[in-house]
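Commentary on secondary and tertiary structure
Each chain is listed here by its residues.
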Amino acid sequence: MTTYVFGQNTSGTPYSKEGFGLLPDTYGAYIGMGGVSAAMRDNYNINFLNPASYTALDSMRFYFQTGITGEYVDISSHKTHANYKVAQNGAVSMAFRAYKNLYMSFGILQRSNRGFDVYYTDVVRGDFSQYCTQQVEGSGGINEAYLGLGYQLGKLSLGVNVSYLFGKVDDRLTMILLPMTSGYYLKTQTITQMSAALFTLGAQLPLNISKKSNFTLGTSFNFGTPLHARKTFQAYKTGVSTGNSILLNDEATKNGTIFYPFRITTGASFQYNQKWFFAGDYTFQNMSQYEEFETNKEYQNYHKIAIGSYYQPNAQGRYWWQKNQYMAGAYFTRSHLEFNLKDINTYGVTIGSQIPIRLPYQELMLGVAVDLGMRGTHRNNQIMEKYVKLRINIAFKELWFMKAKIN
């Protein structure tokens, strides 16, 4: 793909160049368990990845949750390597019981991220005697503002998130003819803005197996949705010595759609003796149907498997270390990308802890998780990334709806 690769502090993976960027492989409150979500429900965390889980929240509390991820990545080709650091995947969400068995949540989060800065040297097309250096840059992604409802129907919980997706992707290309004394360089910029409504449906069914164990099934999915998109393109020719720019191309705005494909996550969880907890997820997204402005990108389908567990010595214990949830997990992703007949796969392991902290009028769950992973390969002249992510998640439970018994 490239001859030389240099990572910058404000950029991310070159693999995010395709489409609207990469969706995070681990996200939400349970990153320490490999990012499982389908069958996860508790009364401390807002699991916005499956709206059916809202019914597990405390009916007398108002919830506020926020989190952010910091990432360090070593990126390398077969000839060189570099590294970059970036903070991403910020999210803010809130939840409460709206009426009897009806629960509500709303918030804003980052659904995909995009960022890269790549240099490479190649021959000029049509003239193999001349070389040029190209810099390819990109940024942007998709954000999501959602309003969700969860309803308890007997043992079955049902939920829906109504989301507004919005964002843009910005691609910039700079080409410099070698040697630099050639007199000028070319620069192009393509900006694509997109927005649409997205509906995510969810269901969870808890089952009591015995007095000491219970089992939960869960799923969440969204149907394929066309995003309204608008693309603009500009090209400039700039003199190396004078700095004067000449507009070569300023295309009129192009309106169309970007198709966001069907995605489903299905999983199960098992809890034993109020101490041991195990969960697993499978995620599928029909990326072969992804289209940009009525052009199919011919991606392959996305698959992800995640497993995780935690151990909690004593939820009602006296000491903080007894009430902690000690987490571990792993995941494997076969992404929608394939280059030079090689799949761009991601492997990762996670560890973490959720620490309950009691305050005078609040309860707080502090989640800390570390994600160690690898994306890509050096085979067939590909790019390999080794990363470490640190996720901090904070969930508050406020006593807003609890009436005082004694004044």
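Residues numbered from 1 in each chain as written. Predicted model: local features only at pLDDT ≥ 70, side-chain atom pairs only at ≥ 80, totals over all residues. Heavy atoms only, no water.

1. Examining the overall build of the protein
- Secondary structure assignment for the protein yields one helix and 18 strands.
- In terms of overall size, the protein behaves like a compact globule, its C-alpha atoms giving a radius of gyration of 24 Å where 407 residues would be expected to give roughly 22 Å.
- Summarising its shape, the C-alpha atoms of the protein cover approximately 85 × 40 × 40 Å along the three principal directions.
- Relative to all contacts within the protein whose residues are 6 or more apart in sequence, the contacts with residues 24 or more apart total 65%.
- Split by element, the accessible area of the protein, about 19900 Å² in all, is 58% carbon and sulfur.
- One way to put it: in the protein the 37 positive side-chain charges average out to a point 12 Å from where the 26 negative ones average out. (Helix = DSSP H or I, 4+ residues; strand = E, 2+ residues; numbered from the N terminus. Rg over C-alpha atoms; globule rule 2.2 N^0.38 Å. Contact = heavy atoms within 4.5 Å. Areas by Shrake-Rupley, 256 points an atom, 1.4 Å probe, with all protein chains shown as cover. Lys, Arg positive; Asp, Glu negative; His and termini not counted. Charge placed at Lys NZ, Arg CZ, Asp CG, Glu CD.)

2. So, unusual backbone geometry
- One non-glycine residue, Gln 274, lies in the positive phi region at around 60°.
- Mapping Gln 274 onto the fold places it in the loop between β10 (263–272) and β11 (276–285).
- Phi at Glu 298 takes a positive value of approximately 60°, unusual for a residue other than glycine.
- Within the secondary structure layout, Glu 298 lies in the loop between β13 (295–296) and β14 (302–311).
- You can call Glu 298 exposed: its relative accessible area is 69%. (Buried < 20%, exposed > 50% of the residue type's maximum accessible area, 1.4 Å probe, protein only.)

3. Here's the deal with the nonpolar core
- One finds Phe 20, Met 33, Val 36, Met 40, Met 194, Leu 227 and Ile 258 to be the most contacted residues of the largest nonpolar core, which totals 39 residues.
- Met 194 has contacts with Phe 20, Ile 142, Leu 165, Phe 166, Gly 167, Val 169, Leu 227, His 228, Ala 229 and Ile 258, leaving out every residue within four places of it along the chain. (Core = buried A, V, L, I, M, F, W, Y, C linked by side-chain atoms within 4.5 Å.)

4. Observations regarding the packing of aromatic side chains
- Following the criterion strictly, the structure yields 15 aromatic pairs and no others.
- Arranged with centres 5.0 Å apart and planes meeting at 5°, the rings of Phe 277 and Tyr 310 form a pair that is stacked. One end of the pair, Phe 277, is in strand β11; the other, Tyr 310, is in strand β14, and 33 residues separate them in sequence. You'll find Phe 277 and Tyr 310 in the same group, each marked buried.
- Judged by centre distance (5.1 Å) and plane angle (45°), the ring pair of Phe 332 and Tyr 347 falls under tilted. In this pair, Phe 332 sits in strand β15 (residues 325–339) while Tyr 347 sits in strand β16 (residues 342–358), placing the two residues 15 residues apart along the sequence.
- For Tyr 347, a relative accessible area of 42% gives the class partly exposed. (Phe/Tyr/Trp six-rings, centres within 6.5 Å; stacked < 30°, edge-to-face > 60°.)

5. Details of the pattern of salt bridges
- Applying the stated rule across the entire model yields nine salt bridges.
- We note a salt bridge from Glu 363 to Lys 397, for which the minimum N-O separation is 4.0 Å. Highlighted residues: Glu 363 in strand β17 (residues 362–376) and Lys 397 in strand β18 (residues 384–398), separated in sequence by 34 residues.
- Residue class for Lys 397 comes out buried when judged on its relative accessible area of 3%.
- A salt bridge links Glu 385 to Arg 375, with the nearest nitrogen and oxygen atoms 2.7 Å apart. Taken together, the positions of Glu 385 in strand β18 and Arg 375 in strand β17 put the pair 10 residues apart, joining distant regions of the chain.
- With a relative accessible area of 0%, Glu 385 lands in the buried category.
- Overall, the relative accessible area of 8% leaves Arg 375 in the buried class.
- One network of salt bridges, with partners in common, ties together Asp 58, Arg 61, Arg 358, Glu 363 and Lys 397. (Salt bridge = Lys/Arg side-chain N within 4 Å of Asp/Glu carboxyl O.)

6. So, the environment of Glu 144
- One can find Glu 144 in strand β4 (residues 127–153).
- The buried category is assigned to Glu 144, whose relative accessible area is 4%.
- Apart from the residues within four sequence positions on either side, Glu 144 is in contact with Gly 107, Ile 108, Leu 109, Arg 111, Ser 163, Tyr 164, Leu 165 and Phe 166.
- Among the polar contacts listed, one links the side chain of Glu 144 to the side chain of Arg 111, at a separation of 2.8 Å.
- Of the polar contacts made by the side chain of Glu 144, one reaches the side chain of Ser 163; its length is 2.4 Å. (Polar contact = N/O pair within 3.5 Å; in protein donor to acceptor, adjacent residues only side chain to side chain.)

7. Focus on the pairing of β15
- Sheet topology note: the β14/β15 ladder contains nine bridges and is antiparallel. Each bridged residue has a counterpart across the sheet, and for Gly 308 the counterpart in β15 is Gly 329.
- Judged from the 12 bridges that link them, β15 and β16 form a sheet pairing that is antiparallel. Of the residues in β16, the one forming a bridge with Tyr 331 is Gly 348.
- Connecting β15 to the antiparallel partner β16 that follows it, the hairpin turn spans two residues, and Asn 340 within it adopts a positive phi of roughly 50°. (Pairing = 2+ DSSP bridges.)

8. Looking at the pairing of β11
- One ladder, built from 10 bridges, connects β10 with β11; its direction is antiparallel. Across the sheet, Ser 269 pairs through a bridge with Ala 279, a residue of β11.
- With antiparallel pairing between neighbouring strands as the criterion, β10 and β11 make up a hairpin whose turn holds three residues, including Asn 273 at a positive phi of roughly 60°.
- Bridge count between β11 and β14: 10 bridges; the pairing is antiparallel. If you follow Phe 277 over to β14, its bridge partner there is Tyr 310.

9. Concerning the confidence of the model for the protein
- Chain-level statistics for the protein give a pLDDT mean of 87 and a share of 92% at 70 or above.
- Note that pLDDT drops below 50 for residues 1–10; the model gives that stretch 32 contacts with residues more than four away or on any other chain. (pLDDT = per-residue confidence, 0-100.)

10. Some thoughts on the side chain of Arg 41
- For Arg 41, the location among the structural elements is in the segment before β1 (62–76).
- A polar atom in the side chain of Arg 41 sits 3.2 Å from the side chain of Thr 55.
- Polar contacts involving the side chain of Arg 41 include one to the side chain of Gln 204, which spans 2.8 Å.
- Setting aside residues up to four positions removed in sequence, Arg 41 forms contacts with Tyr 30, Ala 52, Ser 53, Thr 55, Ala 56, Gln 152, Ser 157, Gln 204, Pro 206 and Thr 216.

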